[in-house]
Each structure stands twice: as C-alpha cells, then as structure tokens.
Amino acid sequence: MRDIEANYIREFDARIMERAQGWVMLDRTAFYPVGGGQPSDTGRLIFESGEVRVREVQKRAGVRHLIDGEVPPHVGFLRGILDWAPRLAHMRMHTAQHVLSGVVFDGYKARTVGNQIHADHSRIDFAPAAFSEHDLKTVEDKVNGLLSGNLPVTVREEDRSMLEKRIDARRANLDLLPRSVRRLRIVEIGDIDMCPCGGTHVRNTSETGRLNIFRRESKGKDTERITYTLDK
Ligand SMILES: [Zn+2]
C-alpha cells in the first residue's frame, strides 16, 4: 500500500523472517525506520507467550526492529503495535515541514539543507538565508494560511523524469539524489507543494494545527536554523 492511508496503520500481523540478539526482521512492518530527519517509531511486538518493546527501528540490509529482550525461538507469528501518539506527532510535524520548506523556497529561494523532526518541536536548516523578524512573521502567516486550507496530502510513486519537468530541482533536492534513483515516492500537498520523501504524513493539512516559529539561529555562513512547534 503506497497510499497515504498506509501511514495510519497502527497494528499489523507479521511473521519473523530473521532474528539475532536484540533484533528481529519481519515479513512486513508498519514501523517507520529512522531516516530522512524523522525519528524511528517505537512500540510493541506481541506474541502468544508474551511481548517485547521495540525501542528503535533501523534500515540496515532490511528493516531491523531493535527490541528489549528476546522473542522466544519457537515464536514465528506476532502482532506489531506502534506507539501512536509520537508517530502521529511526527506525521503532523513532517507535513508542516514540507509546507514551511516550500514557502521559504518560494519566497526567499532558500533551500532546505537539513531537518530534524521530533514529537514536540522540529527544525529546518535553510541556505542561503538571512531572515529578519519580519520575514519570519510573513513566513509563519503564509504557512498557517496554507495549512488552514484543508489541503489533501497524497503519496505516490513517479518517474524522476516526470518530476524534473514539473518542479524546481532545488526545492525537492533532486540534484542531490544519485542519478541511479529513477523511481521516487512523491508527497504532494494540495497543489502547493510536491517533494520526493520517504517519511510519514497526515492525510490533510487540517490535522497539523497552527505552526509557530519560536527560534532562529545562525548555523554558520549563509545557513539559518528555524525551530517550530505545532498547536493542538
Ligand atoms: Zn519529507
């Protein structure tokens, strides 16, 4: 399932494919592995005789669920359950991040050169950038105007060549992707932003709430870091 609805799967049944001390690999998973500035999901793996906590998930020759303790060797099937509150917070933050990155690119031609999402606050590094207080207020208002427009968020796969015709490669950081990558997972927000992204997102901007920019820091030559929170 590549559809945006796949981002809302909180529980799933799976089979253990591989195991070692401290981790298991499953035949399917709804856990998001850490990457792209979005933290890993956490949660539980439940089986007939007990359960273990998933404390982190990493993509390393497959998706490894790092667990506290061990799943007994006789267990083949289990149920995965995500910690939903932090995951939903990451989805809201990530969708807001795309809108903020898009607004800053459109208004100031500053690229997103780094970002880190957390459940309670997130940050984006922009370059080249030198924002005034007035710029930040303008950006915040613009972002909130867009978010409050109840814009649908869609996810699909597309050929890189199609995307290159339609969007500015610098907004989408297309020029930084290896040429060998031809198929991209595209996240589109209404008709205001389109960007390749492997992260998880909400289905509509009405779920993000208002964005508040509360800090601006200089991160060296031409680079500025903006930190934001979301109401709700
Ligand atoms: Zn993204």
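Residues numbered from 1 in each chain as written. Predicted model: local features only at pLDDT ≥ 70, side-chain atom pairs only at ≥ 80, totals over all residues. Heavy atoms only, no water.

## Structural notes on the overall build of the protein chain
Looking only at helices and strands, the protein chain has three helices and 13 strands in total. The C-alpha atoms of the protein chain give 19 Å as radius of gyration, which agrees with the globular expectation for 232 residues (17 Å, within 12%). Considering only contacts in the protein chain between residues 6 or more positions apart, those separated by 24 or more positions represent 64%. For the protein chain, the exposed area adds up to about 11400 Å²; of that, 51% sits on carbon and sulfur atoms. (Helix = DSSP H or I, 4+ residues; strand = E, 2+ residues; numbered from the N terminus. Rg over C-alpha atoms; globule rule 2.2 N^0.38 Å. Contact = heavy atoms within 4.5 Å. Areas by Shrake-Rupley, 256 points an atom, 1.4 Å probe, with all protein chains shown as cover.)

## Description of the coordination of the zinc ion
In a perfect tetrahedron of four donors around a metal, the angles come out at 109.5 degrees. In a perfect octahedron of six, they are 90 or 180 degrees. Around the zinc ion, the protein supplies His 94 (NE2), His 98 (NE2) and Cys 197 (SG) as donor atoms, at distances of 2.1 to 2.2 Å. Linear spacing of the donor residues for the zinc ion on their chain is H-x3-H-x98-C. Here His 94 and its partner His 98 are both found in helix α1 (residues 84-108), four residues apart, which amounts to about one turn of the helix. Overall, His 94 belongs to the buried group, its relative accessible area being 2%. (Donors = N, O, S within 2.8 Å, 3.2 Å for Na, K, Ca; no water. Buried < 20%, exposed > 50% of the residue type's maximum accessible area, 1.4 Å probe, protein only.)

## Re the nonpolar core
With 28 residues, the main nonpolar core has Leu 100, Phe 126, Val 143 and Leu 211 as its most contacted residues. Of all the secondary structure elements, the ones that give two or more residues to this core are α1, β8 (122-127), α2 (133-147), β9 (153-159), β10 (183-189), β12 (211-218) and β13 (224-230). Ranked by the residues each element gives to this core, the list is headed by α1, at six residues. Sequence-distant contacts of Leu 100, that is, excluding residues within four places in its chain, are made with Ile 124, Phe 126, Val 139, Val 143, Leu 211, Ile 213, Ile 226 and Tyr 228. Ranked by size, the runner-up nonpolar core spans 21 residues in total, among them Leu 45, Val 52, Trp 84 and Met 91. (Core = buried A, V, L, I, M, F, W, Y, C linked by side-chain atoms within 4.5 Å.)

## Re the sheet that holds β13
Strand order in the open sheet formed by four strands is β7-β8-β13-β12, and the pairing between neighbours is antiparallel. Either end of the sheet is taken by a strand with one partner, and the two such strands are β7 (111-117) and β12. Adjacent strand axes in the sheet meet at a mean angle of 20 degrees when their direction is disregarded. One ladder, built from six bridges, connects β7 with β8; its direction is antiparallel. The partner of Ile 117 across the bridge, within β8, is Ser 122. The strands that α1 touches are β7, β8, β12 and β13; relative to β13, the one it contacts most, it runs at about 135 degrees. (Pairing = 2+ DSSP bridges. Axes fitted to C-alpha atoms, helices over the stretch in contact; angles between N-to-C directions.)

## As for α2
Look at α2: 21 Å from first C-alpha to last across 15 residues, which is about the 21 Å you get at 1.5 Å a residue. Residues of α2 that are buried in the fold lie against α1, β12 and β13. (Expected span 1.5 Å × (residues − 1).)

## A word on the layout of surface pockets
In this structure, the largest pocket spans a volume of roughly 1200 Å³. Tyr 32, Arg 185, Cys 197, Gly 198 and Gly 199 are the residues nearest the centre of the largest pocket, which is lined by 40 residues in total. Counting residues per element, the ones that place at least two in the lining of the largest pocket are α1, β7, β10 and β11 (193-196). Residue classes in the lining of the largest pocket are distributed as 18 nonpolar, 14 polar and eight charged. Residue assignment places the lining of the largest pocket across two domains, with domain 1 (4-82) and domain 2 (87-230) each supplying three or more. (1 Å grid on protein atoms, 1.4 Å probe; cavity = no way out; pocket = protein on both sides within 12 Å on 5 of 7 lines; lining within 4 Å. Points joined across faces, edges and corners; volume = space filled by probe spheres on them. Nonpolar A, V, L, I, M, F, W, Y, C, P; charged D, E, K, R; others polar. Domains from an automatic or database assignment.)

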